[in-house]
Structure formats: C-alpha cells, structure tokens
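What follows is the residue order along each chain.
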Amino acid sequence: MIRSVCVAGAGAIGSLFAAHLARVADVSVLARRPEHARALKERGLRVSGRSDFTARVAAATDPDDLPEPELVILACKGTDLEPLASRLAGHFPAATVMTVQNGLGAEEIVGAHGDWPLLSSVTFMSGTRHADEHVEYVLDTATWIGPYRGTTVEDARAVAELIVSSGLKAEAFDDLRPAQWSKLIFNATVNAVAALTGLPHDFHFAQTEEVSSLGHLVRDLVDEGKAVAAAVGVQLGEDPWEMNVLATQRGHRHYPSMLEDVEAHRPTEVELITGALVREARRHAVPVPLHTALYRLVSAKEASYS
Amino acid sequence: MKVCIVGCGAVGSLFAANLARLDDVEVWAYDASQAHVDAINAHGLRLSGAGEVVARLRATTDAGELPACDFGIVATKAMHTEAAIKATAHAFTEGCVATVQNGLGNEETLAGHVTRVIRGTTFPAGKIVEPGHVQWDVRGDTTLGPFEPQPAPAAEIERLAEACTRGGMPTEAVADARGPQWRKVVFNSATNPIGALTGLTHGRVCERPDLRLLVSGLVDEGKAVAAAQGIELDPDPEELIDHAAKPEVAYNHKASMLQDVEARRRTEIDYLNGGIVRFGDEHGVPTPLNRAIWALVKGVEQSWQQ
C-alpha cells in the first residue's frame, strides 16, 4: 500500500485528491503561493458537497520542505504544468509521478524534467474551489489510470486501490488511450463551445431541433475527433457524443474550466486540448476544419484580454 | 412624392432627414420608439457628424396614421421586418417598398405583404445619440434594384434613387442589385461574428494570420453560394476586408455584432451567416463554417437567458 503522497497543484481536482487521500496516507501539498500553503497548514483542507470532512495535510511552496513521497500527483491545470514540472526537477527521485491534465502531452512535458516512473490518468470527477482550504466535491465520477513510462498496470492498480480506499472512484487500465481520447474529444468539443458561447455544459449542447441548434455543431465536432482517433489507431472508450448527452441530462449545469478561464481572463488549456487534437489531425492528414476554427477562435479570444 | 421610412433608427434617420430636405418630398417616419417619435415631431430630426441637418417631418408609432405613400424604405433590424411591414403594408398598396437592411431574406419578407419590392444595400452608418438626434458616422453609397420575383418598375426605382441622391444620400439604380447585397453580406458574415466571438476589433482580427484564414474560409463559402446563383461579387469581399483593416479606415472598429453582444442585444446572425446557410442549402452548396459560426452566436444569445 502506498503510504505517502505529494499533491502538486491544489486547484479543485488537486484539493479533492489531497483531502481524501489524507484519510489513508500521509499527504503533502506543494502549493504555488505561500498564503495557500499557510492556510492549509493552519486550517486543514475542508471538503463539502458529496463528502463532508476536514483533512490534515502538510504544505509548502518548496519541494525541499516536504517529505519524500512514494507518489506525486500533478494536478495543476495544463497551462501551469511546465513551470510546476521544472520546480520538481531533481526532487523526489524515488517517487512515481502521475499526470491528471486534460488533453494530450502532459506526460512528455513532465518526463522532460526527470526520470521518474510515470503514470497517465484522466479524471471525470469535478469540484468547485471555494477557498484555498475549502473545496466542494461535485461530480463523483471516476479517475482512470494507466501505465506510461517505466510503470506497469500493477502500478496503476496500486494507485487506483489507494484512491478507492480514500473514498473517491478510480480504475486501472492496461492502455489508457481509449479513455484519454474519449475525454480529449469530449473536452475539445464541449470546453471550446462553452468558452465561445458563455453557456455552461447544459441542454443546449444536445439540442438538434433547428438548423442552428448547437447540438449539430457538437456532433460534427465529435465526428471530426473520432476520425482523428481512428487515423491514430485508437479505439475509443466511451462515445464522446453519448458522454455529452448524458452529462446534459444530469441536470447539473457544469461550468467547463475553459469557460471559467475566459470569464476570468486567464490563459486556457486550449493548446493542450484542441491544439493537441488539431496537431494530431495534421500529422495523420485528417481534415478537422471545425476544430481548427474553434482553436483559432479560442486562441484569439485569449489574445483579446492579454 | 410621399416616402415613409419604416424603422427610423440610425440608418432610417439618415434617409428620413436627408429626403425631408427636398421640397418635393413629403417624409413620414414610422418607428416603435415613442420618445424618438415625440422628439422628431417636437423639434425635428437632427443629424450631426458627417453632415449637419435638421429636418421637419411627420413621425408616428401608429401605422394607422400613415397616408398612402409612393415609396417605403424599410430600415429596421432584420428580425423586426415581418412585424414592421405587416403593420404598414396598407400605406404601400399603390407604392414600392425598398429594403436597406442588413442580411438576406428581407426582400422575401416584404414580398409577403406588398406587391412591388426593391432590393437595396446601403453603407452609410450612424448611431442614435438621444431621441431625435442621430450621429452620422460614415457617408457611403446605396444601391437599389428590383427584387426579381416581385419587382418594382425600373422607372420607380430610378425615381427613388434620384430623390435620395438629390437629398444627399448618393444612390444608384441598377438592373441587378444582388452583387452589392451579397458582397456586403459576405463581408459582414465573415467578419462581424468573428469580432463578436473573440472580442477583437476588425483590425486585430485581420492581423492574426490564423484567424484571417478562418475569415477567408467563411468568405469562400459565401462566394460559392453567390456563384451558384449566378451572382458575381466585384470587387472581391476579401479586398473590402483588407481595406477596412487599415489603421486609417476601420482597424479599431468594433463590429456592430460585437457591440450587440457586449450590450446583450439580439444579433442579426440569422440573416447573415444563417442566410448564407439557408441559400446554400437551397442551391446545394455546403457551408459548414458559416453553420458553425451561426450556432456559436446563437449559443451566445442563449447564454443570456440563463
């Protein structure tokens, strides 16, 4: 059993991992801001929503001030991954490192900064961060884990078991790519449409009654993504269109992070998500005019406030 | 000659005030804004900026007051065409009705209520500063021609064009007015929604090479739909787009659709990109990018109803 975990990057997802895992392991949080680390040390990390408890965690802004963990979970946004990975370079040589970022390419970014064994994961859980030391657990869907570099499915299973024992949902897979690509296509479609329209992921995304209904565009974007996956040779896990319909039927109006980012005038993950999909499409000569259009529009929207 | 301006907003006011300067033209204005109508009746209609005019004319919110007119000039936003012509059609039983509105489909709507229709395209622009007072921002030409399925007689089109020109609104009567109309529609459809979705001014849209390619993709679809109807666009809308991007022309111009989106006003997207999609479907020309942009801007409008 894994006994010590460092969660690097404590937004909503990182906070959910850190608080739950602290119930079954020693957890430390590597924060970016000193006041964030101080709040966690002084007040603990509170979870509300689907769970309700406060966890004790160690926290610091310098990896040297944290105990050596067996597992590092990199839970920051994709846009913060490069600087975070470079801060970890030279630290925790005995640890296994797991990425949780949306899109494609997180493992390569991290792998360039150290020889750690790497695990890939995608998470479907969601939360809302209310304060540095308070996160609300919203969607209790699973995190899927697979081997990436110097790891086996047994390593993935050990992490999944740890996560399950902490009260979250997780599952290990031999090959994560079917899940990763399903989520990539889902995110490239839903997040970009939400960021451009201002709509949370709600019923509009599945509507097809009129010629201009948003569901047609969503379906066309999913179809482009499927064609890329097929050309890459990935058999998709869940069907992204069905994931979309199901999510809109839950009645919960989820705000994709890309929408929150453009509303807060922050950089988005469009490069790692839509950008990655468009680059894979180009490499395999698959036309993706609609994803290309959305990629250009979201990138330009970011430019309008930077 | 009696002329009724139907929809006396900024563009309608430019026609109304300039035509009212002529001794041989009696101008009526029909508008939904009681404050604007009252101000015009009390103090006259004032233009300032590109031209200084104070004109006396009769304005009303009650279509029942309108006399039988030789001409109507419809200048409402495209989504109000149906209601406006339905209310005023009785005044044009013996007359001809011209549209100087944006987008596609206005002529068809007018033809549902009046017999003789004039297809028009106009470039002058302004904004209402206060009731009874319009800021005239841009001078420009107007083109009038027959709406082919239910045309006004050529001599009548000439008569209206001559009066507009003499009043200070340079207007040309042509045998086929579809080219100028489609050139403006293609220009607007390729640029306005891109500004609206990204928040960028016209010049900033054009200086991003990737975004400029998206604009060209939209132009190409519009040109293909025009070509399928035998409509020639000369000069090419691409030239207008590059011309407008110059610092001394409209680099810093926020497209009217961007202004609409910022003010959360309903846009004319249904009559621009939506019009191109509808005519494309009729003529078997695929318009996937215009369709996507149409759905995105409709999504923006839907996000305000949350």
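Everything quoted here is computed from the prediction, not taken from an experiment.

1. Some thoughts on the sheet that holds strand S8 (residues 118–123) of chain A
Residue and element names in this part refer to chain A. The mixed open sheet is built from eight strands, whose spatial order is S5-S2-S1-S6-S7-S8-S11-S12. In the strand order of this sheet, the two ends are held by strand S5 (58–60) and strand S12 (170–172), each with one partner. When the angles between neighbouring strand axes are averaged without regard to direction, this sheet yields 25 degrees. Looking at chain direction, strand S6 (residues 71–74) and strand S7 (residues 96–99) are connected through four bridges and run parallel. Note that in S7 the partner of Ile73 across the bridge is Met98. Across the face of the sheet, helix H1 (residues 12–21) comes into contact with strand S1 (4–8), strand S2 (26–30), S6, S8 and strand S11 (143–149) while running at roughly 160 degrees to S1. Each of S8 and S11 is contacted by helix H6 (residues 177–197), which is oriented at about 45 degrees to S8, the strand it contacts most.

2. Observations regarding unusual backbone geometry
Of note, the amide linkage connecting B:Asp234 to B:Pro235 takes the cis form, showing an omega dihedral of 5 degrees. When you line up the elements, B:Pro235 lands in the loop between helix H8 (209–228) and helix H9 (237–244). Phi angles above zero are rare outside glycine, and A:Phe92 is one such case at about 50 degrees. Structurally, A:Phe92 is set in the loop between helix H3 (81–88) and S7. A positive phi angle, close to 55 degrees, is found at A:His265, a residue other than glycine. Counting through the fold element by element, A:His265 comes out in the loop between helix H9 (257–263) and helix H10 (271–283). Overall, the relative accessible area of 51% leaves A:His265 in the exposed class.

3. Focus: the sheet that holds strand S10 (residues 134–139) of chain A
Residues and elements named next belong to chain A. Pairing in this open sheet of four strands is mixed, and the strands run S4-S3-S10-S9 from one edge to the other. Edge positions in the open sheet fall to strand S4 (53–55) and strand S9 (126–131), since each of these has one partner strand only. Averaged over all pairs of adjacent strands, the angle between their axes in this sheet comes to 25 degrees, without regard to strand direction. Here strand S3 (residues 45–49) runs beside S4; their pairing, made up of three bridges, is antiparallel. In the strand pairing of S4, Leu45 is matched with Ala55.

4. With respect to the pairing of S8(A)
All names here are of chain A. With six of six residues buried, S8 is to be regarded as a mostly interior element. Of the two faces of S8, the one holding Leu118, Ser120 and Val122 and the one holding Leu119, Ser121 and Thr123 are both buried throughout. Read from S7 through helix H4 (residues 106–111) to S8, the crossover connection turns out right-handed. Relative to S11, S8 is paired through six bridges, and the arrangement is antiparallel.

5. Concerning H3(A)
All names here are of chain A. Taken together, the buried positions of H3 are Leu81, Leu84, Ala85 and Leu88. Here the buried residues of H3 occupy an arc of 100 degrees about the axis, which is enough to place them on one side. Packed against the buried residues of H3 are S1, S2, S6 and H4. In the segment just after H3, Gly90 is the residue with positive phi, at about 85 degrees.

6. Observations concerning the interface of chain B and chain A
Every contact between the two is made by 26 residues of chain B and, on the other side, 25 residues of chain A. For the pair chain B and chain A, the summed buried area comes to about 2100 Å², and 67% of that belongs to carbon and sulfur atoms. Run the count over chain B and chain A and you get zero salt bridges. Breaking the side of chain B that touches chain A down by element, the ones donating at least two residues are helix H6 (178–198), H8 and helix H12 (288–303) of chain B. When residues of the side of chain B that touches chain A are assigned to their parent elements, the largest contribution, 13 residues, is made by H12(B). Tallied by class, the residues present in the side of chain B that touches chain A amount to 15 nonpolar, six polar and five charged.

7. With respect to the environment of B:Ala59
All names here are of chain B. Secondary-structure assignment places Ala59 in strand S5 (residues 58–60). On the basis of relative accessible area, Ala59 is assigned to the buried category, the value being 4%. For the pair formed by Ala59 and Asp38, sequence separation is 21 residues and the distance between their alpha carbons is 7.6 Å.

8. Quick notes on the packing of H6(A) against helix H8 (residues 240–249) of chain A
The description of two helices packed together rests on the angle between their axes and the distance between the axes. Residue and element names in this part refer to chain A. Contact geometry of H6 with H8 gives a least axis separation of 9 Å together with a crossing angle of 60 degrees. By the angle class used here, H6 and H8 are oblique. In this structure, H6 crosses over H8, and the sense of that crossing is right-handed. Between H6 and H8, the residues in contact are Ser182, Lys183, Ile185, Phe186 and Val190 and Pro240, Met243 and Asn244, respectively. A per-class count over the contact of H6 with H8 returns five nonpolar, two polar and one charged.

9. Focus on the packing of aromatic side chains
Inspection of every chain in the model, using the stated rule, returns three aromatic pairs over all chains. Pairing B:Trp182 with B:Phe279 gives two aromatic rings, centres 5.6 Å apart and planes at 90 degrees, and the pair type is edge-to-face. Here B:Trp182 is found in helix H6, whereas its partner B:Phe279 is found in helix H11 (residues 273–282), with 97 residues between them in sequence. The pair formed by B:Trp182 and B:Phe279 is uniform in burial state, with each residue classed as buried. Joined through ring pairs, the aromatic side chains of A:Phe124, A:Trp144 and A:Phe173 make up one cluster. The ring of B:Trp136 is capped by B:Arg139, whose NZ or CZ atom sits 4.5 Å from the centre of that ring. Lying across the ring of B:Phe123, B:Lys184 places its NZ or CZ 5.2 Å from the centre.

So, how was this worked out
- Residues numbered from 1 in each chain as written.
- Chains lettered and ligands numbered in written order.
- Predicted model: local features only at pLDDT ≥ 70, side-chain atom pairs only at ≥ 80, totals over all residues.
- Heavy atoms only, no water.
- Pairing = 2+ DSSP bridges.
- Helix = DSSP H or I, 4+ residues; strand = E, 2+ residues; numbered from the N terminus.
- Axes fitted to C-alpha atoms, helices over the stretch in contact; angles between N-to-C directions.
- Contact = heavy atoms within 4.5 Å.
- Buried < 20%, exposed > 50% of the residue type's maximum accessible area, 1.4 Å probe, protein only.
- Right-handed = clockwise from strand over helix to strand, strands pointing away.
- Arc of directions from axis to C-beta.
- Buried area = accessible area lost by both parts, 1.4 Å probe.
- Salt bridge = Lys/Arg side-chain N within 4 Å of Asp/Glu carboxyl O.
- Nonpolar A, V, L, I, M, F, W, Y, C, P; charged D, E, K, R; others polar.
- Parallel < 35°, antiparallel > 145°, perpendicular 65-115°, else oblique.
- Left-handed = near helix turned anticlockwise from the far one by under 90°.
- Phe/Tyr/Trp six-rings, centres within 6.5 Å; stacked < 30°, edge-to-face > 60°.
- Lys NZ or Arg CZ within 6 Å of the ring centre and 35° of its normal.

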